[in-house]
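# What the coordinates show
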Amino acid sequence: SGEGIPGVYVSFDNGDRWVSTSLIKIAVGTLAAIGRNLFAASDGVQRSTDNGTTWSSAGLAGQTVRSLVTIGVNLYAGTDDGDVFRSTDYGTSWTAITKDLPTNHDPKTGIFTLGVVGANLCASVVSKGLFLFSGCVSWADMNSDLINSSVVHTFAVNGRILYAGTGNGGVFRSVDAGVNWQAVTAGLGKSDVLALATAGENLFAGTNGAGVYRSTN
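Residues numbered from 1 in each chain as written. Predicted model: local features only at pLDDT ≥ 70, side-chain atom pairs only at ≥ 80, totals over all residues. Heavy atoms only, no water.

In terms of nonpolar packing, the biggest core is built from 14 residues, with Y76, V84, I97, L101, L114, L121 and W139 touching the most fellow members. Of all the secondary-structure elements, those providing two or more residues to this core are β7 (65-71), β11 (111-117), β12 (120-125) and β13 (129-134). Considering each element in turn, this core owes the most residues, three residues, to β12. Setting aside its immediate chain neighbours within four residues, L114 contacts S67, V69, Y76, A77, G78, V84, L121, C122, A123 and F155. Core analysis: the second largest hydrophobic core is formed by 13 residues, A32, L60, V65 and L75 among them. (Core = buried A, V, L, I, M, F, W, Y, C linked by side-chain atoms within 4.5 Å. Buried < 20%, exposed > 50% of the residue type's maximum accessible area, 1.4 Å probe, protein only. Helix = DSSP H or I, 4+ residues; strand = E, 2+ residues; numbered from the N terminus. Contact = heavy atoms within 4.5 Å.)

Structural data, given as structure tokens:
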């Protein structure tokens, strides 16, 4: 049911069949979960504790939230305006942690995506590259030696290895938490990489118009 209608869908049979939840007719860009709490991001954040049967506001109304990630019981949200927020109470309240992050609250330097490197938060900032929220205290630049760092669309982590997908620059790899980077583009070239995902030893890259690529090494 709800085929073709934007919103959140759920499958109880490993993806064979999908049904819409009660959060429909709204574009949802990202999901995250803490225990039984499911969070959906669009205009603000919505929360469900019953597999999507009912939803309630979890704050940040009026903010276009691009990305959600969790570290333990902490929920982080990155917005189109270049802000990063943290909630320690399942979205009841939020605290801005954008200090030292070069976004200037400007949509031109919004948050592409958030991720987790070790136990630290990492943010990909439009036109600025990658930054690590070191020790949950301050943001540190991770762009040294990262070519095309101004257009890092996405990143992925596999153990201690960090991958960055760039605009028309392909994929870069770091084995030291972003201190040094190396291009890993054999067979991929300088594609516009919009999505990265790891599965075991496999790395998958989703590109803009050139399909999906897989690397096994």
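Attention now goes to the sheet that holds strand β5 (residues 44-48). Strand order across the open sheet formed by four strands is β3-β4-β5-β6, with antiparallel pairing between neighbours. Only two strands of the sheet have a single neighbouring strand rather than two, namely β3 (30-34) and β6 (56-57). As paired elements, β3 and strand β4 (residues 37-42) share five bridges and run antiparallel to each other. Bridge pairing in β4 places I34 opposite N37. (Pairing = 2+ DSSP bridges.)

On a regular strand, each side chain points to the face opposite its neighbour's, so the side chains alternate between the two faces of the sheet. Counting buried positions along β4 yields five of six residues, so the element is predominantly enclosed. Sheet topology note: the β4/β5 ladder contains five bridges and is antiparallel. When the sheet's bridge partners are listed, S42 is paired in β5 with G44. The antiparallel hairpin formed by β4 and β5 contains one residue in its connecting segment.

Another point: the pattern of salt bridges. Two side chains with opposite charge may pair up if their charged atoms get near one another. For the structure on display, the rule yields one salt bridge. Between R66 and D80 there is a salt bridge; the shortest N-O distance is 2.8 Å. Of this pair, R66 sits in strand β7 while D80 is found in the loop between β8 (74-79) and β9 (84-87), placing the two residues 14 residues apart along the sequence. Assessed through its relative accessible area of 31%, R66 is described here as partly exposed. Exposure remark for D80: the relative accessible area of 24% places this residue in the partly exposed category. (Salt bridge = Lys/Arg side-chain N within 4 Å of Asp/Glu carboxyl O.)

Taken together, four strands build an open sheet; the order of strands is β15-β16-β17-β18 and the sheet is antiparallel. Edge strands, defined here as strands with exactly one partner in the open sheet, are β15 (152-158) and β18 (182-183).

Checked against the element boundaries, T21 lands in strand β2 (residues 19-24). Within the local environment of T21, its side chain forms a polar contact with the backbone nitrogen of L23, the two atoms lying 3.2 Å apart. Look past the residues within four positions of T21 in its chain and what remains in contact with it is V8, Y9, V10, N51, G52 and W55. (Polar contact = N/O pair within 3.5 Å; in protein donor to acceptor, adjacent residues only side chain to side chain.)

By themselves, these observations are geometric and do not establish any function.
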